[in-house]
2 protein chains.
Amino acid sequence: MKKKLFSVLCGLAMGLTAFGQQAIFGQRNQIVSPQINQDGTVTFRLSAPRAQKVEIQGDFIQRRAEMKQENGVWTYTTGDLAPELYSYKFVVDGIELLDPSNLERSRDVKSFMSTFVISKQEGDAGYLYAPHDVPHGNVSQVWYDSPTLGINRRMTIYTPAGYETSGKKYPIMYLLHGAGGDEEAWITLGRTAQIMDNLIALGKAEPMIVVMPNGNAGQKASPSFQVGPEGRAKASYQESFPDIMNYMQKNYRLKGGAANTAICGLSMGGGHSFSISMMNPGTFGYIGLYSAAVSMGGRGGQAINADLPDDAPAAKQLKALFAAKPKLYWIGIGKTDFLYDQNKNLRSYLDKKAYPYEYFENEDGHIWKNWRIYLSIFAQKLFK
Amino acid sequence: MKKKLFSVLCGLAMGLTAFGQQAIFGQRNQIVSPQINQDGTVTFRLSAPRAQKVEIQGDFIQRRAEMKQENGVWTYTTGDLAPELYSYKFVVDGIELLDPSNLERSRDVKSFMSTFVISKQEGDAGYLYAPHDVPHGNVSQVWYDSPTLGINRRMTIYTPAGYETSGKKYPIMYLLHGAGGDEEAWITLGRTAQIMDNLIALGKAEPMIVVMPNGNAGQKASPSFQVGPEGRAKASYQESFPDIMNYMQKNYRLKGGAANTAICGLSMGGGHSFSISMMNPGTFGYIGLYSAAVSMGGRGGQAINADLPDDAPAAKQLKALFAAKPKLYWIGIGKTDFLYDQNKNLRSYLDKKAYPYEYFENEDGHIWKNWRIYLSIFAQKLFK
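Because the structure is a prediction, the values reported are computed rather than measured. (Residues numbered from 1 in each chain as written. Chains lettered and ligands numbered in written order. Predicted model: local features only at pLDDT ≥ 70, side-chain atom pairs only at ≥ 80, totals over all residues. Heavy atoms only, no water.)

S.K.: Quick rundown of the sheet that holds strand β1 (residues 35-36) of chain A? Include the residues and the values.
M.R.: Residues and elements named next belong to chain A. Reading across the sheet, the four strands line up as β1-β2-β6-β5 and stay open at both edges, with antiparallel pairing between neighbours. Unpaired on one side and paired on the other, β1 and β5 (68-70) mark the two borders of the sheet. With three bridges joining them, β5 and strand β6 (residues 73-77) adopt antiparallel strand pairing. Residue pairing in the sheet places K68 in a bridge with T75 of β6. (Pairing = 2+ DSSP bridges. Helix = DSSP H or I, 4+ residues; strand = E, 2+ residues; numbered from the N terminus.)

Given below as structure tokens:
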């Protein structure tokens, strides 16, 4: 039987001479890249014998670094890297190229990047972002009808391990993406399934359902399932949000109530979380603004700062929101984020009104690294 | 509010100077590629001002074609293309590159390709492979325990539109991938969700659940969720298959019985379908072998041909299988498939024994184009 199998495998391999014979086996690429070394450095390799200049560009180096060539293989080794998920590309004579030896790649809006994870110990950032041998939640791409928008739309839903068989009810977190993103953003670059699987397995987060909708009101789905051209939205995403909540209530076992319902998001999704929570006081017990584009959700066109008059629509809505006493209003932003001032202004208003909130400030700017950190922190604070 | 939104958008765009500031908006790429023209031709474009030679390689041309350069933009236009899903890459001075202007790309085992779909009328192959404004089924990545293999494993499940709310029971199709593939193969390059959505909407296929497991017994999941190194399998995939069926019976509303259960697969998955159906006579009413690696599933090490003795294990199993009178035993293969002879030999045995089967032969070889066609044909024959 073994001999037989071997001959079949050879036959399969021989069948793959032309491109038309699409690969059943991958190319047996001898190049290992990225290679994560014992000392915490990472070595990248690219075979490009005819190239004049090969550079590497990534979020672990300043600008670009030149790679060195030997026998047609270009190499670059980093310094010791901190635990994190990293993204990079090669630049071959000015042309951007993903690492052909690395199957890990993610789309960010309209561009793709090769990725890898560095983890040094259980529980560090890299550990949270990598899959481990723990119980895994399921991830579904689900279509729902939005009567408000008049279209059928797709969203991504994470159900924690055991959901299917436990018969129990669960709390829910709505997790919203940024401008230009879609329902695939949080599950790919955001590493939501890995973060939730690992936090739950470590006992650091409660098992919860996570809903990642598409926040572009005119769009039915991401480019991977684009259905016809993008239409003109009949209503705002914020106005249509109850359609999503209704779908979840009908089709999933939810504990229900503000104490079991969270909303959070990054950038535009932070703006959405800001405004959707204001439009629905008493609905969300936990509200998380990650690098939030506060003014995108800024209801009524007035800037939110200490000077906001009490009769402004946003002031009235924030008053109603905080009168319902959410358990947590959480704001996270990086020191160099270009939305830092918007968030500072929002905080100045919350301070003036003595509306309670938690604030987390860290390094860096408007980047996925921070959004994964904010999700990891926020998820641990929920439903306890 | 519009002015405000515009200024936020500008702010967002201005925040994107460094790579470290990962894109919230995509690069505003002026290049349109691929451009599907009115006359059925397709134009590809790549900006590469410093390149010496740019070629395009795809399953719509023989070998490679040279692209022509003007002002740093390289162009190639095809002839009139038949309805189909096509794959291609650029080759820039010897380096393979996906089309940076095309977000549609699929992984085939260990390599990625840019893709596009040509459709000329409703119901043609290209139409079936593209998303349309019809009810969509949900697609889930589901983890199940395999006691036989001793590991937790991932599979992809398509539930037809309406499954969640109808309360009805459904028939089920198990759809198996080829060697080197995994639980993502059929849903990406195989276009299963699009094919099923469209066939069901056209009234050409019954609404059914489609299960796409991972056929590599030592593997927990595809590279996109690789959990630790690949282990040594405790048992064969075929032996572990009832674990999958048990999971489906427990967790989904299945009509049950052979009349409502199909198994099919491509290449190695065809071999798996061949042997799993033989090992479980009376379980599958519909069996589909697509370019099947018959000898990979060839139970007992004997070649299946007209000379197979009646006391060979495979002969006994086939006898039991056909004694249970499956409604359909379907074999599909291309004329230039390198597994053509194996399938011819299998047919010679079935003919000799007068075991009933349907046979479909078409052009081309061991390629995804054929496997999508076979799925489209086979799915229309089920559960009627």
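Back to the write-up after that little detour.
S.K.: Give a detailed account of the side chain of R153 of chain B, specifying residues and quantitative values.
M.R.: Residue and element names in this part refer to chain B. Mapping R153 onto the fold places it in strand β12 (residues 151-159). One buried charged side chain, R153, makes no salt bridge at all; its nearest oppositely charged neighbour is E183, positioned 7.0 Å away. A distance of 3.0 Å separates a polar atom in the side chain of R153 from the backbone oxygen of Q219. Not counting chain neighbours up to four residues away, the residues in contact with R153 comprise V142, W143, Y144, S146, N214, N216, A217, Q219, K220 and Y237. (Buried < 20%, exposed > 50% of the residue type's maximum accessible area, 1.4 Å probe, protein only. Lys, Arg positive; Asp, Glu negative; His and termini not counted. Salt bridge = Lys/Arg side-chain N within 4 Å of Asp/Glu carboxyl O. Polar contact = N/O pair within 3.5 Å; in protein donor to acceptor, adjacent residues only side chain to side chain. Contact = heavy atoms within 4.5 Å.)

S.K.: Could you give me a rundown of the packing of helix α6 (residues 268-279) of chain A against helix α7 (residues 313-323) of chain A, with the residues and numbers involved?
M.R.: Residues and elements named next belong to chain A. Between α6 and α7, the shortest axis-to-axis distance is 8 Å and the interhelical angle comes to 70 degrees. Compared by their axis directions, α6 and α7 come out roughly perpendicular. Only A314, Q317, L318 and L321 of α7 make contact with α6, whose side of the interface consists of F274, S277, M278 and M279. (Axes fitted to C-alpha atoms, helices over the stretch in contact; angles between N-to-C directions. Parallel < 35°, antiparallel > 145°, perpendicular 65-115°, else oblique.)

S.K.: I'd like a rundown of the pattern of salt bridges, residues and numbers included.
M.R.: Oppositely charged side chains can pair when the atoms bearing their charge come close. All names here are of chain A. Enumeration over the complete set of coordinates arrives at 29 salt bridges over all chains. For R64, the salt bridge is made with E55, and the minimal N-O distance between the two is 3.4 Å. With a closest N to O distance of 2.9 Å, K335 and E363 form a salt bridge. Linking K335 in the loop between β17 (328-334) and α8 (340-353) with E363 in the loop between β18 (358-362) and α9 (368-379), this pair joins segments that are 28 residues apart in sequence. A single salt-bridge network, built from bridges that share partners, covers R107, R154, D182, E183 and E184.

S.K.: Any chance you could break down the packing of aromatic side chains for me, citing the residues and the numbers?
M.R.: Any pair of aromatic rings gets described here by the distance separating the centres and the angle formed by the planes. Using the criterion set out here, one finds 60 aromatic pairs over all chains in the structure. Taking 5.3 Å as the distance between ring centres and 80 degrees as the angle between the ring planes, the aromatic pair formed by W368 of chain A and W371 of chain A counts as edge-to-face. Of the two residues, W368 of chain A and W371 of chain A are both situated in helix α9; the distance of three residues between them amounts to about one turn of the helix. Of the two residues, W368 of chain A and W371 of chain A, neither departs from the other in class, the shared state being buried. Taking the centre distance of 5.4 Å and the plane angle of 0 degrees together, the rings of F44 of chain B and F60 of chain B count as stacked. Note that F44 of chain B is positioned in strand β2 (residues 42-47) and F60 of chain B in the loop between β3 (54-58) and β4 (64-66), a separation of 16 residues in sequence. The buried category is assigned to F44 of chain B, whose relative accessible area is 0%. In this structure an aromatic cluster arises from ring pairing among W186, Y290, W330, F360, W368, W371, Y374 and F378 of chain A. The ring of F112 of chain B carries R105 of chain A above its face, with NZ or CZ at 3.8 Å from the centroid. Here the guanidinium or amino end of R253 of chain B rests over the ring plane of Y163 of chain B, the centre of that ring lying 4.3 Å away. (Phe/Tyr/Trp six-rings, centres within 6.5 Å; stacked < 30°, edge-to-face > 60°. Lys NZ or Arg CZ within 6 Å of the ring centre and 35° of its normal.)

S.K.: An account of α8 of chain A is requested, with residue identities and associated values reported.
M.R.: Residue and element names in this part refer to chain A. A rise of 1.5 Å per residue sets the reference length of α8, with its 14 residues, at 20 Å; its end C-alpha atoms lie 20 Å apart and thus fit the reference within 8%. Looking only at α8, the buried set comprises Y340, N343, L346, R347, Y349 and L350. On its buried face, α8 is in contact with α6, β16 (286-290), α7, β17 and β18. Among the residues trailing α8, A354 stands out with phi positive, at a value near 60 degrees. (Expected span 1.5 Å × (residues − 1).)

S.K.: Explain the pairing of strand β16 (residues 286-290) of chain B to me, and be specific about the residues and the numbers.
M.R.: Residues and elements named next belong to chain B. The buried fraction of β16 is high, at five of five residues. Side-chain alternation along β16 places Y286, G288 and Y290 on one buried face and I287 and L289 on a second face that is also buried. Pairing of strand β15 (residues 261-266) with β16, which is carried by five bridges, proceeds in the parallel orientation. Across the sheet, residue A262 finds its bridge partner in β16, namely Y286. Handedness of the crossover joining β15 and β16 through helix α6 (residues 268-279) is recorded here as right-handed. For β16 and strand β17 (residues 328-334), the ladder comprises five bridges, and the chain directions are parallel. Paired with I287 across the bridge in β17 is Y329. (Right-handed = clockwise from strand over helix to strand, strands pointing away.)

S.K.: Help me get a handle on the pairing of strand β7 (residues 84-92) of chain A, residues and values and all.
M.R.: On a regular strand, one side chain projects to one face of the sheet and the next to the other, so that they alternate. All names here are of chain A. Of all nine residues that make up β7, nine are buried, and the element is covered over most of its length. Residues E84, Y86, Y88, F90 and V92 point to one face of β7 and L85, S87, K89 and V91 to the other, with burial holding for every one of them. For strand β3 (residues 54-58) and β7, the ladder comprises five bridges, and the chain directions are antiparallel. Across the sheet, the residue bridging to Q57 is K89, located in β7. Where β7 and strand β10 (residues 111-118) come together, five bridges link them in antiparallel fashion. Note on β10: the bridge partner recorded for L85 is V117. Note that β7 and strand β8 (residues 95-97) share three bridges and pair antiparallel. Opposite V91, over in β8, you have E96 as the bridge partner.

S.K.: Describe the packing of helix α5 (residues 237-251) of chain B against α6 of chain B, listing the residues and the values that go with them.
M.R.: Two quantities define a packed helix pair, namely the angle between the helix axes and the distance between the axes. Residues and elements named next belong to chain B. Between α5 and α6, the least distance of the axes is 10 Å, while the angle of their chain directions is 70 degrees. With respect to α6, the element α5 is oriented roughly perpendicular. Crossing geometry of α5 relative to α6 is assigned as right-handed. Residues Y237, Q238, E239 and F241 of α5 touch α6, and the partners they reach there are H272, S275, I276 and M279. Here the residues of the contact of α5 with α6 are counted per class, giving four nonpolar, three polar and one charged. (Left-handed = near helix turned anticlockwise from the far one by under 90°. Nonpolar A, V, L, I, M, F, W, Y, C, P; charged D, E, K, R; others polar.)

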